[in-house]
Amino acid sequence: MSLSRATRRRRSTSGRAILLTAVTLASALTLTACGDSGSKSAGSAGGNYVTGPSGISTVAKGDRADAPKLDGATVDGKTLDTTTLKGKVVVLNVWGSWCPPCRAEAPYFAKVSKELGDAGKDVAFVGINTRDTSTQNAAAFEQNFGITYPSLYDPDGKLMLRFPKNTLNPSAIPSTVVLDKEGKIAARTLAAVNEEQLRSMIDPLLAEQ
């Protein structure tokens, strides 16, 4: 009996050691993934992209993928087709009136869109309103924050699914995707942005020839 109990103790100790090793390895992998800023990743956006410390991913001009056609009804009852905006830098912002981070970044979008528009810059802002059960809530949000550019009404998130796989697609709420003047995906962030971050995504594309 004593030998049997000793054997069981050794097996139990061995099992705990294996479990501890597995947990330690998983934690190390998680820390590595969370700390991977400023790195290059292959196979996205038609080539390599770089994610900076702020969480903004950018793609070199020659590696960018074409953005999909995004069209349909807008929050204000009109229609919009983003392919008609080619020739301009297009800022796409995915948002919902129910989303606290969307409310936090909305004043920056209102400010920058108006300032760049008043300056006559070749840039267009387009919202993609999602998961709102009615356009009334979305319209109230736009009025409250002074958003004057149009937003496509996409309650089921179908427009977001049009982005090709392995591209910088808007896979979170909020998300911001910026297209270059040729209609290609050039930059993306999957978090709320401030004014400085927003301008850092737009200004380099406005300067491209």
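Residues numbered from 1 in each chain as written. Predicted model: local features only at pLDDT ≥ 70, side-chain atom pairs only at ≥ 80, totals over all residues. Heavy atoms only, no water.

Going by what an unreviewed UniProt entry lists, the chain is known as TlpA disulfide reductase family protein and is assigned to Streptomyces polychromogenes. In its Subcellular location (unreviewed entry) section, the UniProt record describing the chain reads: "Cell envelope". (UniProt positions renumbered as here; feature names shortened; annotations may be inferred.)

Draft legend 1. Structural context of the overall build of the chain. A count of helical and extended segments in the chain gives four helices and 10 strands. Reading the chain from its N terminus to its C terminus gives the helix and strand order α-β-β-β-β-β-β-α-β-α-β-β-β-α. Within the chain, buried positions represent 40% of all 209 residues. A separation of at least 24 residues holds for 66% of the contacts in the chain among residues at least 6 apart in sequence. Accessible surface, the chain: about 11400 Å² in total, of which carbon and sulfur atoms supply 55%. (Helix = DSSP H or I, 4+ residues; strand = E, 2+ residues; numbered from the N terminus. Buried < 20%, exposed > 50% of the residue type's maximum accessible area, 1.4 Å probe, protein only. Contact = heavy atoms within 4.5 Å. Areas by Shrake-Rupley, 256 points an atom, 1.4 Å probe, with all protein chains shown as cover.)

Draft legend 2. Region of the structure containing empty space enclosed by the protein. Per the counting criterion, the structure on display carries one cavity of 30 Å³ or more. Considering only enclosed or pocket space, the largest cavity measures out at about 70 Å³ in volume. As for the largest cavity, its lining consists of N93, W95, C102, E105, A106, F109, G127, F141, E142, I147, Y149 and S151. Listed by contribution, the elements that provide at least two residues to the lining of the largest cavity are β6 (89-95), α2 (100-118) and α3 (135-145). Take the lining of the largest cavity: its biggest share by element is four residues, from α2. For the lining of the largest cavity, the per-class residue count stands at seven nonpolar, three polar and two charged. (1 Å grid on protein atoms, 1.4 Å probe; cavity = no way out; pocket = protein on both sides within 12 Å on 5 of 7 lines; lining within 4 Å. Points joined across faces, edges and corners; volume = space filled by probe spheres on them. Nonpolar A, V, L, I, M, F, W, Y, C, P; charged D, E, K, R; others polar.)

Draft legend 3. Structural detail: the side chain of T74. Counting through the fold element by element, T74 comes out in the loop between β4 (71-73) and β5 (79-81). Those residues in contact with T74 that lie beyond four places of it in its chain are T79, L80, P150, S151, L152 and Y153.

Draft legend 4. Just the pairing of strand β9 (residues 175-179), in detail. With five of five residues buried, β9 is to be regarded as a mostly interior element. Pairing geometry for β9 and strand β10 (residues 185-189), over four bridges, is antiparallel. Bridge assignment links L179 to a residue of β10, and that residue is I185. The hairpin formed by β9 and β10 contains five residues between the paired strands, and G183 there has a positive phi angle of roughly 80°. (Pairing = 2+ DSSP bridges.)

Draft legend 5. Region of interest: the packing of α2 against helix α4 (residues 195-207). Two elements in contact, α2 and α4, have axes whose closest approach is 9 Å; the angle formed by their N-to-C orientations is 45°. As the angle between them shows, α2 and α4 are arranged oblique. The chirality of how α2 crosses α4 is right-handed. In this structure, α2 contributes Y108, F109, K111, V112, E115 and L116 to the contact, and α4 contributes E195, L198, R199 and I202. When its residues are assigned to classes, the contact of α2 with α4 shows six nonpolar, no polar and four charged. (Axes fitted to C-alpha atoms, helices over the stretch in contact; angles between N-to-C directions. Parallel < 35°, antiparallel > 145°, perpendicular 65-115°, else oblique. Left-handed = near helix turned anticlockwise from the far one by under 90°.)

Draft legend 6. Structural detail: the packing of aromatic side chains. The tally for this structure, following the rule as stated, stands at four aromatic pairs. Both rings, one in F109 and one in F125, keep their centres 6.4 Å apart while their planes meet at 85°; by these two values the pair is edge-to-face. Of this pair, F109 sits in helix α2 while F125 sits in strand β7 (residues 123-130), and the two are 16 residues apart along the sequence. For F109, a relative accessible area of 1% translates into the label buried. The exposure class of F125 is buried, given its relative accessible area of 7%. (Phe/Tyr/Trp six-rings, centres within 6.5 Å; stacked < 30°, edge-to-face > 60°.)

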